[in-house]
Amino acid sequence: LLKRRWAHWTNLEGIKGMKITFLKRLLHEGETKEYKHFVPFFEVIKTRQKQAKQSILVQVQSKKSYKELETYCSQYGAIKEMFHYKAGKEPLHFILVEFQKEASVMKVLRDCEHIQDSQIVPVESTFLWFRASKNNSVKKQTSQLVLTIENGNCPLSEENLRSKLQACDSISEQIEILYESTKLNDLGVRLRFLSARQIEVALSGIFPSAVAFPFGSCVNGFGKMNCDLDVVLRLTKDKISDGNRLIYHCKASGTSERLTSQRHMETIGDFIHLFLPGCSQVRKILQARVPIIKYYQQLTDVECDLSMGNMSGVYMSDLLHIWGSTDARVRPLVFVVRKWAEEVGLTNNFPGRWITNFSLTLMVLAFLQKPKNSPPILPSLNTLVKLAGSNDKYITEDGTDCSFLRDIRKLKFKAENNEDLESLLIQFFEYYSTFEFDKKAICLNQATPITKPEHNSLYIVNPLERGLNVSKNVSPEELERLRLEMRNALWAIQLKEKKADGWGILSLFENRGRQFPSILSNIPVKSHHTRLMEISKLFEEEHLDMVPKETES
Ligand code: CTP
Ligand code: MG
């Protein structure tokens, strides 16, 4: 409870400059060394999926409607929690209601109606609207339940974040505050699981066992408020044959597996576009190595990337969840590096020839496996593989072995590194400013760089699919910009002077918008944003993680 309250407080304005170090210690003492509070990834997923099954999302007139809504919903079963947020430009108000039991949701849905309009597609889902009562004598509201969070989907404004950071006493404290103030909150995670659940429920008629697994930053612990939802849809559960004699009749496709999968994705994309409430801006990117459907779920205010079949992204999220939980400094450090990269224009929301957040995250993790001049903070993947038990065996559909220790409470790794976040950040910039990118590949499997297997400007070995380069998309110009910005950052952060207009990590963010990505520099006219969109579209249509020759020219 204390932890949750704390997460809430740190999002509130007016607590600027409050010393969090003491409270953080109070909450985390002993946690990272003995991993007392570690919850394995698939247990977290299970809990979140259960929450989503027990929840409905209701559009209301304003947050004040929650009492009336609670009184109304209580007739269907006991309510556990209610969360309020706003979405859209107008904005619209929503309340997420979590019941104690899934059966209550079923009862609610049994009584729900559609509005009388021949234009609507009469879909049934857990996304509802609470219309005003025709009956003036509304039932007396007796409840004591309070909203767990109000306006809970709103990231801290840049201005407030800046003044919070400005008021800190040390760079390490700034990094912690940045992490605590910008990380995805509990409601954000719930909304992403509800968005995934919408797909499962919609397909449940013909695929009753379908599961939509959220993965990526919204579940691996590296997500910030407003991060996208990456979700992989599996139409059936893995089931080992136990000798049943009755087998389903199914359709078999005559064409190649890839073509079939593209056709299926196309159909599901149309289905989302035509039938699912709140889903708009559907785009199908079917030529990519991993075909995806992108859409915006406006009721939950979440950008979604849906793929099908392959679980490797989910297992990767599990691995990142483990590394992120191994030491309390890992996530804050990743956050500050990602924020810096965004501010200086190294990353942006569109795919292209620039580095991605995922690649940056792996760079930080690789550095923490081997910080300059100090003991490692993270174990290598090979160490986790060696410690894997029989319950840790996971193999993807295409045969990739993703077995590694899933429960770090069994980890014998002792981090003897006591460096603070400030010195780790400086060491990170030092490490990569002098890294031999032309000869070496970053490799988290053995915690040490290896000779580059192929000539790509930046090579980060995909830890789970070792034949792939995670950063294959990065052009030589973008790598050069990365290196240059790292040197600038190193210089800026070492100026310890307390400036009134931004000191410490704020001085890293000063270069905002200084340079356009180099690939854009030769393209005339138009705004930066429009040009990025054009390039990204070209890029998406070809390969998400490969550099198409046409784009280059
Ligand atoms: N992924 C992967 N290999 C890649 C790219 C992505 O395995 N070459 C997986 C990772 O698990 C990653 C997830 O796909 O976390 C989602 O990718 P993406 O959305 O690009 O990155 P996130 O980590 O979710 O970061 P962001 O907050 O920017 O969305
Ligand atoms: Mg993502």
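Residues numbered from 1 in each chain as written. Chains lettered and ligands numbered in written order. Predicted model: local features only at pLDDT ≥ 70, side-chain atom pairs only at ≥ 80, totals over all residues. Heavy atoms only, no water.

A. Spotlight on the nonpolar core. Counting 122 residues, the largest nonpolar core has W340, M363, L425, Y432, I505 and L508 as its most contacted members. Residues within four places of L508 in sequence aside, it is in contact with W340, V344, L425, F429, A489, A492 and I493. In this structure, C73, I79, L128 and L147 belong to the second largest nonpolar core, which totals 17 residues. (Core = buried A, V, L, I, M, F, W, Y, C linked by side-chain atoms within 4.5 Å. Buried < 20%, exposed > 50% of the residue type's maximum accessible area, 1.4 Å probe, protein only. Contact = heavy atoms within 4.5 Å.)

B. Expanded view of the pairing of strand β7 (residues 279-285). Bridge count for β7 against strand β8 (residues 292-297) is 5 bridges, and the pairing is antiparallel. Bridge pairing in β8 links I285 to I292. Counted along the chain from β7 to the antiparallel partner β8, the turn is 6 residues long. (Pairing = 2+ DSSP bridges. Helix = DSSP H or I, 4+ residues; strand = E, 2+ residues; numbered from the N terminus.)

C. Region of interest: the coordination of the magnesium ion (ligand 2). At the metal site, the magnesium ion (ligand 2) is ligated by D228 (OD) and D230 (OD), and these contacts range over 2.1 to 2.2 Å. On the basis of relative accessible area, D228 is assigned to the partly exposed category, the value being 26%. The class for D230 is buried, based on a relative accessible area of 14%. (Donors = N, O, S within 2.8 Å, 3.2 Å for Na, K, Ca; no water.)

D. Representation of unusual backbone geometry in the model. The omega angle of the peptide bond from E90 to P91 is -15°, so this bond is cis rather than trans. The topology assignment puts P91 in the loop between β2 (79-87) and β3 (92-99). Not every positive phi belongs to a glycine, and N226 is a case in point at roughly 75°. In this structure, N226 sits in the loop between α10 (217-220) and β6 (229-234). Not every positive phi belongs to a glycine, and D301 is a case in point at roughly 60°. Checked against the element boundaries, D301 lands in the loop between β8 and β9 (302-308).

E. Expanded view of the confidence of the model for the chain. Per-chain confidence: the chain averages 86 in pLDDT, with 84% of residues scoring 70 or above. Averaged over each element, pLDDT in the chain is lowest for helix α19 (residues 549-552) (36) and highest for helix α14 (residues 357-369) (98). Counted against residues more than four places away or in other chains, residues 13-18, with its pLDDT under 50, gives 11 contacts. Overall, residues 28-32 carries pLDDT values under 50, and its contacts beyond four positions in sequence, including any with other chains, amount to 9 contacts. (pLDDT = per-residue confidence, 0-100.)

F. Local environment of the packing of helix α12 (residues 312-326) against α14. α14 packs onto α12 with a crossing angle of 45° between their chain directions and a minimal axis gap of 12 Å. For the element pair α12 / α14, the angle class is oblique. Crossing of α12 against α14: the hand is left-handed. Taken together, the residues of α14 that come into contact with α12 (itself represented by M316, L320 and W323) are F358, T361, L362, L365 and Q369. Residues of the contact of α12 with α14, tallied by class, amount to 6 nonpolar, 2 polar and no charged. (Axes fitted to C-alpha atoms, helices over the stretch in contact; angles between N-to-C directions. Parallel < 35°, antiparallel > 145°, perpendicular 65-115°, else oblique. Left-handed = near helix turned anticlockwise from the far one by under 90°. Nonpolar A, V, L, I, M, F, W, Y, C, P; charged D, E, K, R; others polar.)

G. Region of the structure containing the site of ligand 1. Surveying the vicinity of ligand 1 reveals the residues F215, G216, S217, N220, D228, D230, G313, M316, S317, R338, N357 and F358. At 2.7 Å, a side-chain N or O of S217 approaches an oxygen atom of ligand 1. A distance of 3.2 Å separates an oxygen atom of ligand 1 from a polar atom in the backbone of G313. Protein coverage of the free-state accessible area of ligand 1, which is 570 Å², stands at 77%. The element that contributes the greatest number of residues to the shell around ligand 1 is α12, accounting for 3 residues. Partitioning the shell around ligand 1 into residue classes produces 3 nonpolar, 6 polar and 3 charged. (Near = heavy atom within 4 Å. Polar contact = N/O pair within 3.5 Å; in protein donor to acceptor, adjacent residues only side chain to side chain. Areas by Shrake-Rupley, 256 points an atom, 1.4 Å probe, with all protein chains shown as cover.)

H. Structural detail: the pattern of salt bridges. Overall, the coordinates contain 21 salt bridges when judged by the stated rule. Here D318 makes a salt bridge to R406, at a shortest N to O gap of 2.7 Å. Of the two residues, D318 is situated in helix α12 and R406 in the loop between α15 (381-386) and α16 (421-433); the sequence distance between them amounts to 88 residues. Each of the two residues, D318 as well as R406, counts as buried. Two residues, R329 and D327, come together in a salt bridge whose shortest N-O distance is 2.8 Å. For R329, a relative accessible area of 13% puts it in the buried group. When salt bridges that share partners are traced, they join R48, K80, E81, E98, D186 and R190 into one network. (Salt bridge = Lys/Arg side-chain N within 4 Å of Asp/Glu carboxyl O.)

I. Fine view of the packing of helix α8 (residues 171-182) against helix α13 (residues 330-343). Two elements in contact, α8 and α13, have axes whose closest approach is 8 Å; the angle formed by their N-to-C orientations is 85°. Classed by the angle they form, the pair α8 and α13 counts as roughly perpendicular. Note on element contacts: α13 touches α8 through R331, P332, L333, F335, V336 and K339, opposite I175, L178, Y179 and T182. Of the residues assigned to the contact of α8 with α13, the class counts are 7 nonpolar, 1 polar and 2 charged.

J. Geometry of the environment of S118. If you trace the backbone, S118 turns up in the loop between α6 (102-111) and β4 (127-129). Separated by 172 residues in the primary sequence, S118 and V290 have C-alpha atoms spaced 39 Å apart.

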